[in-house]
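# Descriptive structure summary
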Amino acid sequence: MKMLQYFSRTSTFFAAIILIGLVSCSKEERGAVNCPRIAALKETQNDPLYKITVYAGKNLENGEDHDIDGVLCKARFSNLIYSCVHSDGTVFLSDTYNRKVKKISPEGVVSTLASLKEGMPLSLKCDLQGNLYVLAVNSAPSGVYYSICKINPAGQVVAIVENTGQGMLLEDISINNVGEIFVATRSQIFKYSDDGNKVLYAGKPTAGFMNGQKEEALFNSITGLECDKEGNLYVTDGNNFCVRKIAADGTVSTVAGKPGVSSHPSKDGTGEGALFSYPTTLALDEDGNIFVGEQFSIRKINREQKVSTISSNSIYNIKSLCANSRFLYLTEDGQAKICRMRIK
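Bear in mind the structure is a predicted one, so any value in this text is a computation, not a measurement.

### Points about the sheet that holds strand E21 (residues 281-284)
Within the open sheet, the 5 strands sit side by side as E20-E24-E23-E22-E21. Their pairing is antiparallel. Only two strands of the sheet have a single neighbouring strand rather than two, namely strand E20 (269-270) and E21. Pairing geometry for strand E22 (residues 290-293) and strand E23 (residues 297-301), over 4 bridges, is antiparallel. Bridging across to E23, valine 292 finds its partner in arginine 299.

Laid out in structure tokens, this is it:
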């Protein structure tokens, strides 16, 4: 009997200690205890290669709160359009309808980095210092217009371009290692300096297909931009059904896909021997591989321009891709979650 009383008192004592420990934890830490996605962060070495898993958020039900910060399992978003990832593993998201830019720490905690007073955030890219460059869409009685702002790591928002000009339909933004900002329309790419000065970088108002010098090159529905470490700019050229490269010396060439030829389903191969259905976005990893999003698949282009399909029929209409050394992150059109896959 005494032994039973001893165990009863001991169990109560340890339960009290655990309860006190949980109470003293922060809200995020308490949530992390019950979040299997947090636990999974420690086991990523065992993740199957190219398997897609939900990283944060979920598809919402009617009436559900769509603006919640916290650990991966608890966070809620409205509609994630674009994402980018810093080399330290921090992921940034444009939570468009909430008019916020969110970030996910490497430890798996979602927080609001900045709220935009003007416009809704669309595409965003980060530089080596952790600054974000955001393309936002605004509305006015005269029509839709776009702006570009810079958000520093402390969340301070500074306008770079308050209005890129009426009538310009902008698609994506990118930044190179020296701080030059690139913004794409359907058939042209403009370059901005950090103080807002603008010059035409490549393409013409007329859509079409032509390689050569960037001033003479033609594009047809640019859907994605990405700069590499060497100053080359990669482009998904949607209606030409190919991935193209603007080299640092200004020469435009085709990396993969046959101009003007699409395939349903897509076809693997090398260079023009590969066919795309409709490339919508792209990302570069730290090894120089290119990942291309299509409506129902993700393709990988290695340094030898060999194209392979690494995921198909498990996703719908990829809106954005971003990559670091080990993971590819993706958002889908109209979805309130971000997914990821291990790529190395």
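### Description of the side chain of aspartate 237
Along the chain, aspartate 237 falls in strand E17 (residues 233-237). Among the residues examined, aspartate 237 registers a relative accessible area of 0% and is labelled buried. A polar contact of 2.7 Å, which involves the side chain of aspartate 237, links it to the side chain of asparagine 240. Apart from residues lying up to four places away in sequence, aspartate 237 is in contact with Leu218, Phe219, Asn220, Ser221, Cys242, Arg244 and Pro279.

### Observations concerning the side chain of aspartate 95
Relative to the helices and strands, aspartate 95 is located in strand E4 (residues 91-95). Judged by relative accessible area, which is 0%, aspartate 95 ranks as buried. Engagement of the side chain of aspartate 95 in a polar contact is seen with the side chain of serine 78, the distance being 2.6 Å. A distance of 2.9 Å separates polar atoms of two side chains, one belonging to aspartate 95 and the other to asparagine 98. In this structure, aspartate 95 is in contact with His66, Phe77, Ser78, Asn79, Leu80, Lys100, Lys102 and Pro121, ignoring residues within four places of it in sequence.

### Quick notes on the sheet that holds strand E16 (residues 222-227)
Ordered by their spatial adjacency, 5 strands build an open sheet running E15-E19-E18-E17-E16, and the pairing between neighbours is antiparallel. Strand pairing shows two members of the sheet lacking a second neighbour, strand E15 (212-213) and E16, which therefore form its edges. Inspection of the sheet shows E16 paired to E17 by 5 bridges, in the antiparallel sense. Pairing of leucine 225 across the sheet is with valine 235, part of E17.

### Here's the deal with the layout of surface pockets
Within this model, the largest pocket holds a volume of roughly 920 Å³. Lining the largest pocket are 39 residues, and of these Cys227, Asp228, Lys229, Leu284 and Asp285 sit closest to its centre. Residue assignment for the lining of the largest pocket shows that the elements contributing at least two residues are strand E3 (80-85), strand E7 (120-126), strand E11 (172-175), E16, strand E19 (251-256), E21 and strand E25 (318-323). Split into classes, the residues belonging to the lining of the largest pocket amount to 15 nonpolar, 13 polar and 11 charged. Reported here for the second largest pocket is a volume of approximately 240 Å³. Elements with a contribution of two residues or more to the lining of the second largest pocket: strand E9 (143-151) and strand E10 (157-161). By residue class, the composition of the lining of the second largest pocket is 8 nonpolar, 2 polar and 3 charged.

### Here's the deal with the nonpolar core
If you look at the biggest cluster of nonpolar residues, it comprises 31 residues, and the most contacted ones within it are Leu124, Leu132, Ile148, Ile151 and Ile181. Counting residues per element, this core draws most heavily on strand E8 (residues 132-140), which supplies 6 residues. Setting aside chain neighbours within four positions, we find leucine 124 in contact with Tyr82, Ser83, Cys84, Phe92, Leu93, Ser94, Val101, Leu132, Tyr133, Val134 and Ile173. If you look at the next biggest cluster of nonpolar residues, it comprises 20 residues, including Ala56, Val71, Ala75 and Ile338.

So, how was this worked out
Residues numbered from 1 in each chain as written. Predicted model: local features only at pLDDT ≥ 70, side-chain atom pairs only at ≥ 80, totals over all residues. Heavy atoms only, no water. Pairing = 2+ DSSP bridges. Helix = DSSP H or I, 4+ residues; strand = E, 2+ residues; numbered from the N terminus. Buried < 20%, exposed > 50% of the residue type's maximum accessible area, 1.4 Å probe, protein only. Polar contact = N/O pair within 3.5 Å; in protein donor to acceptor, adjacent residues only side chain to side chain. Contact = heavy atoms within 4.5 Å. 1 Å grid on protein atoms, 1.4 Å probe; cavity = no way out; pocket = protein on both sides within 12 Å on 5 of 7 lines; lining within 4 Å. Points joined across faces, edges and corners; volume = space filled by probe spheres on them. Nonpolar A, V, L, I, M, F, W, Y, C, P; charged D, E, K, R; others polar. Core = buried A, V, L, I, M, F, W, Y, C linked by side-chain atoms within 4.5 Å.

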